[in-house]
Amino acid sequence: MRAVLMAGGSGTRLRPLTCDLPKPMVPILNRPIAEHIINLLKRHSITEVIATLHYLPDVMRDYFQDGSEFGVEMTYSVEDEQPLGTAGCVKNIAELLNDTFLVISGDSITDFNLQAAIAFHKKKGSKATIILTRVPNPIEFGVVIADKDGRIRRFLEKPSTSEIFSDTVNTGTYILEPEVLEYLPANEECDFSKDLFPLLLLEDEPIYGYVAEGYWCDVGHLDTYREAQYDALQRKVKLDFAYEERSPGLWIGQNTYIDPNAKIEAPAIIGSNCRIGPSANIEAGTAIGDNVTIGAGADLKRPIIWNGATVGEDAHLAACVIARGTRVDRRVQVLEGAVVGSLSTIGEEAQINTGVRVWPSKRIESGAILNINLIWGSTAQRNLFGQRGVSGLANIDITPEFAVKLGAAYGSTLKPGSTVMVSRDQRNVSRIVSRAMISGLMSVGIHVQNLESTAIPISRTMAPKLGVVGGIHARIHPDRPDSILVEFFDSQGINISKSKEKKIEGAYFKEDLRRASIQDIGNISNPSQGQVLDTYRKTFETQLNVEAIRHSGSKVVIDYVYSVSGAILPELLSKFGCDAVVLNTSLRQTPVSAEEREFLIHQLGQVVEALKASLGVQVSANGEQFILVDESGLHIRGEQLTALMVDAILTAYPRSTIVVPVHASSAVEQIARRHDGKVLRTKANPTALMEAAQENASVVLGGSGEMGFIFPQLHPGFDAMFTIAKLIEMLTIQERSLAQIRAELPRVYHKAYTIRCPWKIKGALMRYLVETHPTENLELIDGVKIINPRNDDWVLILPDAGEPLVHIYANSDDRDWIDLALKDYRGRVQEFIEQEQSEIATV
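Remember, predicted model here, so these are calculated numbers, not experimental data.

Chemist: Sorry if this is basic, but what is going on with the overall build of the chain here?
Modeler: Summing up its helical and strand segments, the chain has 21 helices and 55 strands in all. Its C-alpha atoms give the chain a radius of gyration of 30 Å, near enough to 28 Å, the size a compact globule of 843 residues would have. Its C-alpha atoms give the chain principal-axis dimensions of roughly 95 × 65 × 50 Å. A total of 843 residues make up the chain; the buried ones form 58% of that total. Within the chain, residue pairs in contact and separated by at least 24 positions form 59% of the contacts whose partners lie at least 6 positions apart. On the chain, roughly 33,900 Å² of surface is accessible, and the fraction owed to carbon and sulfur atoms is 47%.

Chemist: It is not clear to me how the layout of surface pockets should be interpreted in this structure. Could you clarify?
Modeler: Here the idea is plain: a probe the size of a water molecule rolls over the atoms and shows the empty space left. Approximately 630 Å³ is the volume attributed to the second largest pocket. As for the second largest pocket, its lining consists of 25 residues, of which Ile145, Ala146, Asp147, Lys148 and Val770 are closest to the centre. When contributions to the lining of the second largest pocket are tallied by element, the ones reaching two or more residues are strand E8 (128–134), strand E9 (143–146), strand E10 (152–156), strand E12 (207–211), helix H20 (759–771) and strand E52 (778–779). Its residues assigned to classes, the lining of the second largest pocket comprises 9 nonpolar, 7 polar and 9 charged.

Chemist: Mind showing me how you'd approach helix H15 (residues 638–652) here?
Modeler: Residues that lie three or four places apart on an α-helix share one face, since the helix turns once every 3.6 residues. Under the 1.5 Å per step criterion, the end-to-end length of H15 is 22 Å for 15 residues, consistent within 8% with the ideal 21 Å. Listed as buried for H15 are Leu641, Thr642, Ala643, Leu644, Met645, Val646, Asp647, Ala648, Ile649 and Leu650.

Chemist: Which parts of the structure should I look at to understand the environment of Arg655?
Modeler: Position of Arg655 relative to the elements: it lies in the loop between H15 and strand E47 (657–661). Taking the C-alpha atoms as reference, Arg655 lies 36 Å from Gly802; in sequence the two are 147 residues apart. If we skip the residues at most four places from it in the chain, Arg655 touches His675, Asp676 and Gly677.

Chemist: I tried to follow the sheet that holds strand E15 (residues 250–252) on my own but got confused; where do I start?
Modeler: One open sheet holds the 8 strands; their spatial order is E14-E15-E18-E21-E24-E27-E30-E33, and the pairing between them is mixed. Among the strands making up the open sheet, the edge pair consists of strand E14 (244–247) and strand E33 (357–358). As judged from the 2 bridges shared by strand E30 (residues 339–340) and E33, these two strands associate in the parallel manner. Opposite Val339, over in E33, you have Arg357 as the bridge partner.

Chemist: Even after reading the chapter, I still don't get the confidence of the model for the chain, so can you show me in this structure?
Modeler: The predicted coordinates should not be examined in detail at positions where pLDDT is low. In the predicted model, the chain carries a mean pLDDT of 91, and 96% of its residues have values of at least 70. Low pLDDT, under 50, characterises residues 161–165; the stretch is placed with 29 contacts to residues that sit more than four places away or in other chains.

Chemist: I'm lost on the pattern of salt bridges in this one. Help?
Modeler: When charged atoms on two side chains of opposite charge get close, those side chains can pair. Under the definition given, this model contains 43 salt bridges. We note a salt bridge from Lys575 to Glu541, for which the minimum N-O separation is 2.6 Å. With Lys575 in helix H13 (residues 569–575) and Glu541 in helix H11 (residues 529–542), this residue pair connects regions lying 34 residues apart in the sequence. Classification of Lys575 by relative accessible area gives partly exposed; the value is 46%. Exposure remark for Glu541: the relative accessible area of 24% places this residue in the partly exposed category.

Chemist: Can you help me understand the packing of helix H7 (residues 400–412) against helix H8 (residues 428–443) in this one?
Modeler: Two quantities define a packed helix pair, namely the angle between the axes and the distance from one axis to the other. The geometry of H7 relative to H8 is characterised by a closest axis approach of 7 Å and an angle of 40 degrees between their N-to-C directions. Classified by the interaxial angle, the pair formed by H7 and H8 is oblique. For H7 against H8, the interelement crossing comes out right-handed. Side by side, H7 and H8 meet where Pro400, Ala403, Val404, Leu406, Gly407, Ala408, Tyr410 and Gly411 of the first sit next to Ile432, Val433, Ala436, Met437, Gly440, Leu441 and Ser443 of the second.

Criteria and cut-off values
- Residues numbered from 1 in each chain as written.
- Predicted model: local features only at pLDDT ≥ 70, side-chain atom pairs only at ≥ 80, totals over all residues.
- Heavy atoms only, no water.
- Helix = DSSP H or I, 4+ residues; strand = E, 2+ residues; numbered from the N terminus.
- Rg over C-alpha atoms; globule rule 2.2 N^0.38 Å.
- Buried < 20%, exposed > 50% of the residue type's maximum accessible area, 1.4 Å probe, protein only.
- Contact = heavy atoms within 4.5 Å.
- Areas by Shrake-Rupley, 256 points an atom, 1.4 Å probe, with all protein chains shown as cover.
- 1 Å grid on protein atoms, 1.4 Å probe; cavity = no way out; pocket = protein on both sides within 12 Å on 5 of 7 lines; lining within 4 Å.
- Points joined across faces, edges and corners; volume = space filled by probe spheres on them.
- Nonpolar A, V, L, I, M, F, W, Y, C, P; charged D, E, K, R; others polar.
- Expected span 1.5 Å × (residues − 1).
- Pairing = 2+ DSSP bridges.
- pLDDT = per-residue confidence, 0-100.
- Salt bridge = Lys/Arg side-chain N within 4 Å of Asp/Glu carboxyl O.
- Axes fitted to C-alpha atoms, helices over the stretch in contact; angles between N-to-C directions.
- Parallel < 35°, antiparallel > 145°, perpendicular 65-115°, else oblique.
- Left-handed = near helix turned anticlockwise from the far one by under 90°.

Structure follows, in structure tokens:
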């Protein structure tokens, strides 16, 4: 059998280590990852290896040559012009693959039993077998669901946090029959997980998953690189050591001198031709390459030191990586998680702080303290985007310097000379963030249309009108008043897709930021606020029966919760003949607390009742969300507000489609049945709702009382202002009041409970729930929903996208059933979490 070793990756998330080295050539135990893979293949009698190369191909060819020194026969296929993807590069060598063959990733460390997997493949008569494993946090990998026989039924490539439905993941190792390559186009970029395997499922070809026992680590970023190195030293994975084991857990190469006064703690590995000075302290977990000199009194606490490095006297290295040929002078401190690229020089008594990365061939002056990466910008968290946009504590996580880099990262994913729209709410902190992002955009050659303080529904309306390629809106987070939320949307005003978010994150973390020359710096322009508002007014009016509103004689009380000045809604309603009474419009820079908001809702109800108004509304989230108050002063929010809006809109537009999030109450379906309507449920995030509302021409309403409501004919986002005007129109034409609609709503009980759940356990929890319920009772739109096919009862277990939490929702016409179901699933989930935590603690 032949093996295809996919070794074309550039390893961008391992930079600066891979700036001058392809990822498969990064060393573990002083030998390239690719060499460990070849040793694994050889152990399982696979000695014909074809390596597919793209990034720095000569490095690997020069090292392995024809493979004879390593006991295998090596041939190479180089993608010269552009990468063809995981499947495309294999399609490119199809003429060399005339029998069952194995494909293995060149950037993972494993000791799987490959022959057992091959035997499984042949026994099942499979066309394609994916070798699977179970991991605590599957968000970085392709997640797979297989039936009891191992046949794959569903998989999702690199899910978002809320999409996790299993902890069984694709390891990037496949056993394939040559005929499956016929499904792939020639000379085109294509991927196994995104292209070939979904096509095989569609064609009902036998595709199986083999859950392998053993160790597996995808060396995808710096943390997992260190983890794999430490695991190898602790023999958690079966790898071949290049040196003799001089004492238990201590491997030392040839011609290495260790001073008698040096202290070495096992496990550790020290290469050939090294010199270890007197009183050097080498703690367990340290890896030292070939031709390395360690000075007297140096303190090494689990660093990984590559070949040819020099470490001076009294230097302190802690869980860092020092790449090839780097010189670390005396009394230097390199702290945990820091990485120094090859051929760099760190001057005496300099300090490289935790997590800082230094690119190759850099020089750090003596005594310097390095707190930021030595290219541009500072170290940041691994993922920027959460459930909705980028968020964090105002002026702590979301700082001006962070915003500059974020703007530059976004701009670097766009074509030079493109135009982006930027807007914000009226808070000073949002002004700071938006201006910083504008600077970042302009620095990479992007032009900016600055709408300044503008409600986000107006911004979304303006996106297609201004002809921009995208937009940014900065505001106080709707749910966390101490935080900033930055949202990105496309040319139509829809929140950008996950794939575009990943591109921005890639540019940010790789620091792959374009730098425009002076003449190419972006321009900034400020559209007239009058023109912007006039455009919104005209768009607003085209979607309303203005005459119906004009003859309604409605009196509306609007509470702006001290978050806006110069509001446009009262002006619009007055123009339509309504009497608009406005409360709390003065702008406060300190956001209103949850307790004060509840007091203001109560106050709004009293004002509505006293003025005998038609309705009251509390507007929030920069014009996206609202809470209603009916004519008797009672508030309407959450699931009740969702049901009320669905009832009103389907009465006006029967046989239409409604889009709601997966966790919305089943009252929506009951109302839809009354009006011969259709309900489409989506993932529980704003982007999914926006996309679904735009993709189906029959949709008349999307959203929920929690997120806000979308009228796709107006613009793709949530719009509280238009919703209020539309509601007045519908109440007038239908000759109903809010209280009357409320009284006619189905009686459905809907409760939720939240449990803390560590990130590492979420995937396993979802798999447990899938495996312990019949397939026909499951719905996997988002999280795991267990449904009763005989009625509208269901329980939904939904992982939180941004916090270590799991939400449990229960829905039924029967209050007692709700309480029992919540109690049951709370117990199941809590018991599973505790059991998993206990097992982790034991390990």
